[in-house]
Amino acid sequence: MSSSGYTCIRTVFCFVNVLFWLTGCALLGIGIWLRVSYEGYANLLPQYALLSADAVAIVVGAVTITLSFFACCGSWLQSRCMLITYFSLVVMMFVAEFLLGSLAFVYRDNIKHTFTEKLQDGLRHHYNMTQNPNNLVDVWDEIQTTFKCCGVLNYMDWHMIDAWPDKRWVPDTCCFLGDYSVGCGHVDSNYKEKPGCYEGIYKWFKERLLVVGLVGLIVAFVQLFGLISSMLLFCTVKHRRRSRTYKSYQ
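About the criteria used
Residues numbered from 1 in each chain as written. Predicted model: local features only at pLDDT ≥ 70, side-chain atom pairs only at ≥ 80, totals over all residues. Heavy atoms only, no water. Helix = DSSP H or I, 4+ residues; strand = E, 2+ residues; numbered from the N terminus. Buried < 20%, exposed > 50% of the residue type's maximum accessible area, 1.4 Å probe, protein only. Contact = heavy atoms within 4.5 Å. Core = buried A, V, L, I, M, F, W, Y, C linked by side-chain atoms within 4.5 Å. Expected span 1.5 Å × (residues − 1). Arc of directions from axis to C-beta. Disulfide = S-S within 2.5 Å. Phe/Tyr/Trp six-rings, centres within 6.5 Å; stacked < 30°, edge-to-face > 60°.

Here's the deal with the side chain of S229
Logical step 1: In this fold, S229 is placed in helix α7 (residues 209-242).
Logical step 2: Here S229 falls in the buried class, since its relative accessible area comes to 3%.
Logical step 3: What S229 contacts, discounting residues up to four positions off in sequence, is I9 and F13.

Right, here's the structure in full:
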């Protein structure tokens, strides 16, 4: 590879990974903010709290920062060890993304059924168990107000839960009343015709799948560029160190 070609790849590689480092810092900050500000949402699926948006943002941000560190340092310092470490980590991410995507596609129906069951389980056994801010009471009130729904599949999900084991009540936000007056959830006629929240939540996610898909394609393209660039830099550094013209590539 010529000196100008090597310098171009090295510069672009560093620039792209500096952008990724900034992105990783932003994701890490967003994850921490979500963890502090919206802690209660993780309780919707207590068994999968580690897969909540804040946890995912923190993990992805930390991984992105680590990858960018190895990429930038390996390119700038022309370290073969750091470049091959970066290459290996990106390959592992590629494999993990492919496996997760494949499993999600193959078991998409089971995932939908499991998601519904876990939401019902969290509602039944964890609703109103804590009094801290952003607990499940606040979370479900916000969901039912936003999507104009009641329960997961229907209003019967609220009947005789652990919070009121002997009552066929629902939260007041299930009511059709505009002001959600106190105690309206104790009267059947105020909420029986309301749909469950699952369909509304599912539709909300489905409408945003295009954005998720586009972001995934961009990330995959950048990862592919990183793989090719890191291997080219790795091989060029190896060649340079064996060549008498080593200094001409500086």
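As for the nonpolar core
Logical step 1: In this structure, Y127, W140, W158 and V170 are the most contacted members of the largest nonpolar core, which totals 21 residues.
Logical step 2: Elements with a minimum of two residues in this core: α4 (108-126), α5 (136-147) and α6 (197-207).
Logical step 3: Here this core gets five residues from one element, more than from any other, and that element is α5.
Logical step 4: Every residue in contact with W158, bar those within four places of it in the chain, is listed here: L123, Y127, W140, Q144, C150, G151, W164, W169, V170, P171 and C174.
Logical step 5: Core analysis: the next-biggest nonpolar cluster, separate from the first, contains nine residues, L83, Y86, L233 and F234 among them.

Points about α5
Logical step 1: Spanning 12 residues, α5 covers 16 Å between terminal C-alpha atoms, matching the ideal 16 Å at 1.5 Å per step.
Logical step 2: Along α5, the positions that sit buried rather than exposed are L136, V137, V139, W140, I143 and Q144. Projection of α5 onto a plane perpendicular to its axis shows the buried side chains occupying an angular sector of 165 degrees, all on one side.

A few points about the state of the cysteines
Logical step 1: In the structure shown here, the tally under the stated rule is three disulfides.
Logical step 2: Each sulfur of the disulfide joining C150 and C174 lies 2.1 Å from the other. Disulfide C150-C174: the torsion about the S-S bond is 90 degrees, which places it as right-handed. Remark: C174 occurs in the loop between α5 and α6 and C150 occurs in the loop between α5 and α6; sequence separation between them is 24 residues. The two residues C150 and C174 agree in class, both being buried.
Logical step 3: Sequence-ordered numbering of the bonded cysteines in the protein yields a pairing of 1-6, 2-3, 4-5.
Logical step 4: With no disulfide of its own, C72 lies closest to C14 among cysteine sulfurs, the gap being 5.3 Å.

Considering the packing of aromatic side chains
Logical step 1: Scanning all chains against the criterion turns up eight aromatic pairs.
Logical step 2: With a centroid separation of 5.7 Å and an interplanar angle of 80 degrees, the aromatic rings of W140 and W158 are classed as edge-to-face. Remark: W158 occurs in the loop between α5 and α6 and W140 occurs in helix α5; sequence separation between them is 18 residues. Taken as a pair, W140 and W158 share a single burial class, namely buried.
Logical step 3: Judged by centre distance (6.2 Å) and plane angle (55 degrees), the ring pair of W164 and W169 falls under tilted.
Logical step 4: Classification of W164 by relative accessible area gives buried; the value is 13%.
Logical step 5: Among the residues examined, W169 registers a relative accessible area of 28% and is labelled partly exposed.

Remember that the coordinates give geometry; whether it matters functionally is a separate question.
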